[in-house]
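Below, each chain spelled out in residue letters.
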Amino acid sequence: MNPQGGQYLNKAAVFSSLGAARLSQLALGCSVVAMVSHSAGYSGGSYGVFCMAVWCACFGMTTVVFFLDATRLHACLPVSWDNLTVAFAALATLMYVTASVVYPVYFVRAECPYAGCEVRNFRIAVTVCSIAGSLAYGAEVILSRAKPGRVVGYMATVSGLLKVVQGFVACIIFGALANGTEYSRHVATIYCVVVYAVCFAMTTVVVILTVSGRTGCLKLPFDRFVVVYTLLAVLLYLSASVVWPVFCFDRKYGSPERPSSCPRGRCPWDSKVVVAVFSFVNLALYVADLVYSQRIRFVTQQPRV
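Reading guide: rules and limits
Residues numbered from 1 in each chain as written. Predicted model: local features only at pLDDT ≥ 70, side-chain atom pairs only at ≥ 80, totals over all residues. Heavy atoms only, no water. Phe/Tyr/Trp six-rings, centres within 6.5 Å; stacked < 30°, edge-to-face > 60°. Helix = DSSP H or I, 4+ residues; strand = E, 2+ residues; numbered from the N terminus. Buried < 20%, exposed > 50% of the residue type's maximum accessible area, 1.4 Å probe, protein only. Core = buried A, V, L, I, M, F, W, Y, C linked by side-chain atoms within 4.5 Å. Contact = heavy atoms within 4.5 Å. Axes fitted to C-alpha atoms, helices over the stretch in contact; angles between N-to-C directions. Parallel < 35°, antiparallel > 145°, perpendicular 65-115°, else oblique. Left-handed = near helix turned anticlockwise from the far one by under 90°. UniProt positions renumbered as here; feature names shortened; annotations may be inferred. Nonpolar A, V, L, I, M, F, W, Y, C, P; charged D, E, K, R; others polar. Polar contact = N/O pair within 3.5 Å; in protein donor to acceptor, adjacent residues only side chain to side chain. pLDDT = per-residue confidence, 0-100. Expected span 1.5 Å × (residues − 1). Salt bridge = Lys/Arg side-chain N within 4 Å of Asp/Glu carboxyl O.

### Here's the deal with the packing of aromatic side chains
Both the distance between ring centres and the angle between the ring planes are used here to describe each pair of aromatic rings.
At step 1: Counted by the stated rule, this structure contains 10 aromatic pairs.
At step 2: Measuring from centroid to centroid gives 5.6 Å for Y196 and Y237, while their planes differ by 45 degrees, and the two rings are tilted. Residue Y196 is found in helix α6 (residues 187–211), and its partner Y237 is found in helix α7 (residues 222–249); the two are separated by 41 residues along the sequence.
At step 3: Y196 sits in the buried class, given a relative accessible area of 0%.
At step 4: Through a chain of ring-to-ring contacts, three or more aromatic side chains come together here, namely Y196, Y229, Y237 and Y286.

What follows is the structure in structure tokens.
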């Protein structure tokens, strides 16, 4: 029997700040997909396909989240709903920001293309809506994040949100590694790739356990598991952040300067720089995560059945 007296629809899914943020996400996402499909276009390489995939995936997932929240059907799922939604909102924010940068760089030009100014104007509108969508998803993260005196899921804490960012940065590193970094030439750089893969896998495990509400299944207390793993990740990333630049840019093993004959967009040296930079970025994120993990009071959540 419904304790709400027969009110199966959740009015807060619409008439609340969080509901307004999700409705904005739906409206902006639908607008972006429609304009790109209608006239703006996304052909011209993998970058356009990536942007379109981001917008479609986020729009589809937001539709599912809104529907389940409005109908209260999320209570039937064996997941921690609050952790799932804030993790998705954080990831969608990062994906939207990336698409909002990539799309105008490769598709927007000051002059009108051969197809006329209409195409250019549509592409500018897509960029604006995509930036607004980033703000809408960011607003959901801000509304859902942990506040003093408020009990929330782990993913709504600073440490939980950092896990999402760490995984996203690792994906950037993997993308750069796949773009001809020649990491297999040295055992040391292979070690760095193993470090990136292991840390990414463990971060993914932490997020999955939290979202599925299975943190209580660990024999080790979850808070201790997170701290121990984060400390290990800091040490591993510290070593990789030192080893990778040495074996890629030292004259004995690589080249400290970009080769003049290297093609733009497909230069292994550029990819090595990306890996080096984002290795330090993730190192900083893991250090911040370790600091914040000491200040969190963990609440173990079991999935609803």
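### Observations regarding the nonpolar core
At step 1: Core analysis: the largest hydrophobic core is formed by 72 residues, its most contacted members being W55, Y103, V126, Y196, Y237 and W244.
At step 2: Contact partners of Y196, with chain neighbours within four places excluded, come to I173, F174, L177, Y237, A240, W244, V275 and S279.

### Digging into the packing of helix α5 (residues 158–177) against helix α8 (residues 268–293)
Relative placement of two packed helices is described by the angle separating their axes and the distance separating the axes.
At step 1: Remark: α5 packs on α8, axes separated minimally by 9 Å, with the N-to-C direction vectors making an angle of 165 degrees. Taken together, the axes of α5 and α8 lie roughly antiparallel to each other. For the pair α5 and α8, the sense of crossing is left-handed.

### Some details on the UniProt feature "transmembrane region" (unreviewed entry) in the protein
At step 1: Here the UniProt-annotated "transmembrane region" (unreviewed entry) positions come out as residues 12–35, 47–68, 80–102, 122–139, 151–176, 188–213, 225–247 and 273–292.
At step 2: Helix and strand shares over residues 273–292 are 100% and 0% respectively, and the end C-alpha atoms of the span are 29 Å apart.

### What to know about the packing of α5 against α6
At step 1: Interhelical geometry of α5 versus α6 gives an angle of 145 degrees and a closest axis separation of 10 Å. The two elements α5 and α6 meet at a crossing, and its hand is left-handed. Across from K163, Q166, G167, A170, C171, I173, F174 and L177 in α5, the residues of α6 making contact are V193, Y196, A197, F200, T203, V206 and V207.
At step 2: Split by residue class, the contact of α5 with α6 holds 11 nonpolar, 3 polar and 1 charged.

### Brief notes about the side chain of T203
At step 1: Along the chain, T203 turns up in helix α6.
At step 2: When sequence neighbours within four positions are dropped, the list of residues in contact with T203 reads K163, Q166, G167, Y229 and Y286.

### Some thoughts on the environment of Y137
At step 1: Tracing the sequence through the fold places Y137 in helix α4 (residues 117–144).
At step 2: The buried category is assigned to Y137, whose relative accessible area is 0%.
At step 3: Considered as a pair, Y137 and A21 are 116 residues apart in the sequence and their alpha carbons are 7.1 Å apart.
At step 4: One polar contact links Y137 to T62, side chain to side chain, over a distance of 2.5 Å.

### Looking at unusual backbone geometry
At step 1: For R72, which is not glycine, the phi dihedral falls at a positive 60 degrees.
At step 2: Owing to a relative accessible area of 28%, R72 belongs among the partly exposed residues under this scheme.

### A few points about the environment of A57
At step 1: Note on placement: A57 falls in helix α2 (residues 46–71).
At step 2: The class of A57 is partly exposed, set by a relative accessible area of 47%.
At step 3: For the pair formed by A57 and G29, sequence separation is 28 residues and the distance between their alpha carbons is 9.7 Å.

### Observations regarding the confidence of the model for the protein
At step 1: Mean pLDDT over the protein: 86, with 89% of residues reaching 70 or higher.
At step 2: Predicted confidence is poor over residues 1–5, with pLDDT under 50, and the contacts of this stretch with residues over four places away or in other chains come to 3 contacts.
At step 3: Taken as a whole, residues 299–305 scores under 50 in pLDDT and shows 21 contacts with residues more than four places along the chain or in a different chain.

### Some remarks on α6
At step 1: Between its terminal C-alpha atoms α6 stretches 36 Å, which fits the 36 Å expected from 25 residues at 1.5 Å a residue.
At step 2: Where α6 ends, the next residue or the one after it, G213, has phi of about 75 degrees, a positive value.

### Looking at the pattern of salt bridges
At step 1: Across all of its chains, the model carries 3 salt bridges by this definition.
At step 2: As a salt-bridge pair, D289 and K163 come within 2.4 Å of each other at their nearest N and O atoms. Of this pair, D289 sits in helix α8 while K163 sits in helix α5, and the two are 126 residues apart along the sequence.
At step 3: According to the relative accessible area criterion, D289 is buried, its value standing at 0%.
At step 4: One network of salt bridges, with partners in common, ties together R22, D69 and E140.

### Observations concerning the side chain of T62
At step 1: Of note, T62 is situated in helix α2.
At step 2: Classification of T62 by relative accessible area gives buried; the value is 2%.
At step 3: Apart from the residues lying within four places of it in its own chain, the contact partners of T62 are R22, Q25, L26, F88 and Y137.

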